[in-house]
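Commentary on secondary and tertiary structure
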Amino acid sequence: MLASKLFGDDWTKKYEDTDISGIAYDSRNVMPGNVFVCIKGFETDGHKYAAMAQKNGAAAIVAQDEIDVDIPVWYVEDSRKTIADIACRFYGNPSKKFKLIGVTGTNGKTTITYLLRSILTEAGMSVGIIGTNQNIIGDKVLVTQSTTPTTPNALELQQLFAEMAQNGADCVVMEVSSHALELERVRGCHFDVGVFTNLTQDHLDFHKTMENYLNAKAKLFDISDKGVVNYDDEGGRKIADAKDCDILKVGMNEGCDLRAKNSDISARGVDFEVEYKGETYPMHISIPGKFSVYNAVCAAGAALQLGIDMETVRMGLAKASGVLGRVEVVPTDTDYTVIIDYAHTPDGLENIIKAAKEFAKGRVITLFGCGGDRDSSKRAVMGEIAGRLSDYSIITSDNPRTEDPQKIVEMVEEGMKRTDGEYTLITDRRKAIGYALDFAKKDDVIILAGKGQETYQIIGKEKVDFDERVVVAQYLRNK
């Protein structure tokens, strides 16, 4: 693509015929003819690698600061915005070729995307998913170089959109993190429907305040034609009251346009009813817990905003299977139950413990930790929640990163001490899981919280293989 088409009128006329073969922001990935975009990251600065990009064959460079190279340079105020803009142009604005639904909020994003996938598939659509677990179109898993756990960086996102369009996607459902909205990763995208799940404490290491956190998520509704918000959540009410797009209010309380009621929760899932426009409809979802009802009505609301009928919504929810790492029952051939769940926030931990208590015949044993190099203020809060709600808790490690795991565990313990809950500290997560399996009795439910779909532990700056499904199987096999 000619530089004049990629950069538009802002590109210096002298270089308008420069031929651009691709885009890169990592100098190691630069191929001959690429434009290299210097991005100031949190750990390094792309400007330091401009010379390496030139050496690897870059035809041009985008930069915010002065650099010394012998190839064309386009200086901009914000290279994050620029890489999003040129990625959209380079790939032909692929997100305009299908319906695009974005899901934001602290908890429930992944599950809602999969519930929506089931509903949209029931409606006869070819559906793509972009999010925490994996990126897929139909049954095909798409791989990117992105290290972003939830929403890919702007370049990878447009690459994914292009591949999904080429594979015939009618609709793409994606998780949209607050980081993605704040760091311009979804710049250039326009959503047919935006969905807000809830707002609870998380990512304050980045956003600093809950107000900033909510404001970041609310940006989704500035780039959406229609919206769906959990109106039972204070953040959802603030968004609904402040934004101009067509918003459907969902939840369990009065004032909701789509309201769930009469929930019957068991180990096999939840049976409930929804009221919508004066009619009542029976629903079933195979994931237990009150939070599953909220996830279901958010997904149902998004489908309705796309014009899908309620019977298709009902069938789609009923056919939806569980999501990897979300209330996932691990096969153990024991007389107790082991559940893996991604709960890594105070609200998420409270939800999964309460869900387990709704169907557990024995004790609820909660094994959990808190990530290192992340919001430390939630550690004691999560300790208090586990101590108050669980019959027994095991505090352990969960991606300690560059922090001392023992110090993290002790910070969690401070919250545990505020309760009467029984607990133990075992910093080594593998040993902690073995302890939980030995401690369990008939009809108990063990919750392994925090890892979810992850198959690793981040210790220092290294990822170490750690799949809890494998850890459980190996321990039981060797007993």
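The following paragraphs examine the structure supplied in this document. Every value quoted in this text rests on a predicted model; they were computed, and no experiment measured them. (Residues numbered from 1 in each chain as written. Predicted model: local features only at pLDDT ≥ 70, side-chain atom pairs only at ≥ 80, totals over all residues. Heavy atoms only, no water.)

Looking only at helices and strands, the chain has 16 helices and 23 strands in total. Relative to the 2.2 N^0.38 estimate, which gives 23 Å for 479 residues, the radius of gyration of the chain is 24 Å and therefore close to what a compact globule would have. For the chain, the C-alpha atoms occupy an extent of roughly 75 × 55 × 40 Å along the three principal directions. Looking at the chain as a whole, 57% of its 479 residues qualify as buried. In the chain, the share of contacts with a sequence separation of at least 24, taken over all contacts with a separation of at least 6, comes to 64%. Surface exposure of the chain reaches about 20500 Å², of which carbon and sulfur atoms provide 45%. The positive charge centre, built from 57 side chains, and the negative charge centre, built from 72, are 1 Å apart in the chain. (Helix = DSSP H or I, 4+ residues; strand = E, 2+ residues; numbered from the N terminus. Rg over C-alpha atoms; globule rule 2.2 N^0.38 Å. Buried < 20%, exposed > 50% of the residue type's maximum accessible area, 1.4 Å probe, protein only. Contact = heavy atoms within 4.5 Å. Areas by Shrake-Rupley, 256 points an atom, 1.4 Å probe, with all protein chains shown as cover. Lys, Arg positive; Asp, Glu negative; His and termini not counted. Charge placed at Lys NZ, Arg CZ, Asp CG, Glu CD.)

Now for the layout of surface pockets. Its boundaries defined by the atoms lining it, the second largest pocket holds a volume of some 230 Å³. Lining the second largest pocket are 13 residues, with A267, V329, T337, F359 and V445 sitting closest to its centre. Residues that form the lining of the second largest pocket fall into these classes: eight nonpolar, one polar and four charged. (1 Å grid on protein atoms, 1.4 Å probe; cavity = no way out; pocket = protein on both sides within 12 Å on 5 of 7 lines; lining within 4 Å. Points joined across faces, edges and corners; volume = space filled by probe spheres on them. Nonpolar A, V, L, I, M, F, W, Y, C, P; charged D, E, K, R; others polar.)

Pairing between the strands of a sheet is mediated by backbone hydrogen bonds and can be parallel or antiparallel. Read from one edge to the other, the open sheet built from eleven strands follows the order β8-β7-β6-β9-β5-β10-β11-β12-β13-β14-β15, with strand pairing classed as mixed. Strands with a single pairing partner mark the edges of an open sheet, and in this sheet they are β8 (140–142) and β15 (279–285). Between one strand and the next, the sheet's axes are offset by a mean angle of 20°, whatever the strand orientation. Here strand β5 (residues 99–104) runs beside strand β9 (residues 171–175); their pairing, made up of five bridges, is parallel. Bridging from a neighbouring strand, V103 pairs with E175 of β9. In this fold helix α5 (residues 154–166) packs onto β5, β6 (127–130), β7 (135–137), β8 and β9, with an angle of close to 165° to the strand it touches most, β6. Together, β5, β10 (191–196), β11 (224–230), β12 (246–251), β13 (258–266), β14 (269–276) and β15 form the strand contacts of helix α10 (residues 290–305), whose direction differs from that of β12 by roughly 155°. (Pairing = 2+ DSSP bridges. Axes fitted to C-alpha atoms, helices over the stretch in contact; angles between N-to-C directions.)

This paragraph deals with unusual backbone geometry. Non-glycine residue E184 carries a positive phi angle of around 65°. You can see E184 is positioned in the loop between α6 (178–182) and β10. Phi at D373 is positive, roughly 60°, even though this residue is not glycine.

Looking now at the pattern of salt bridges. By the definition in use, this model includes 24 salt bridges. The partner of D65 in a salt bridge is K40, and the shortest N-O contact between them spans 2.8 Å. With a gap of 25 residues between them, D65 in the loop between β3 (60–63) and β4 (73–75) and K40 in the loop between β2 (34–37) and α2 (50–55) connect regions that are remote in the sequence. Of the charged contacts, one joins E328 and R469 as a salt bridge, the two residues approaching to 2.8 Å between their closest N and O atoms. Here the residue E328 occupies a position in strand β16 (residues 328–330), and R469 occupies one in helix α16 (residues 468–478), the gap between them amounting to 141 residues. Side by side, E328 and R469 carry an identical accessibility label, which is buried. Overlapping salt bridges, with partners in common, bring together E328, D467 and R469 in one network. (Salt bridge = Lys/Arg side-chain N within 4 Å of Asp/Glu carboxyl O.)

Turning next to the sheet that holds β4. Taken in spatial order, the four strands of this open sheet run β1-β2-β3-β4, and their pairing is parallel. A single partner strand is all that each edge strand has here, and the edge strands are β1 (22–24) and β4. When the angles between neighbouring strand axes are averaged without regard to direction, this sheet yields 20°. Helix-sheet contacts for helix α3 (residues 79–90) involve β1, β2, β3 and β4, and the interaxial angle to β1 is about 155°.

The interhelical angle for the contact between helix α13 (residues 378–389) and helix α14 (residues 405–416), taken along N-to-C directions, is 50°, at an axis separation of 6 Å. One finds that α13 runs oblique with respect to α14. As α13 packs across α14, the resulting crossing turns out to be right-handed. Side by side, α13 and α14 meet where R379, A380, G383, E384, A386 and G387 of the first sit next to I408, M411, V412, G415 and M416 of the second. Its residues assigned to classes, the contact of α13 with α14 shows six nonpolar, three polar and two charged. (Parallel < 35°, antiparallel > 145°, perpendicular 65-115°, else oblique. Left-handed = near helix turned anticlockwise from the far one by under 90°.)

These values are about where atoms sit, not about what they do.
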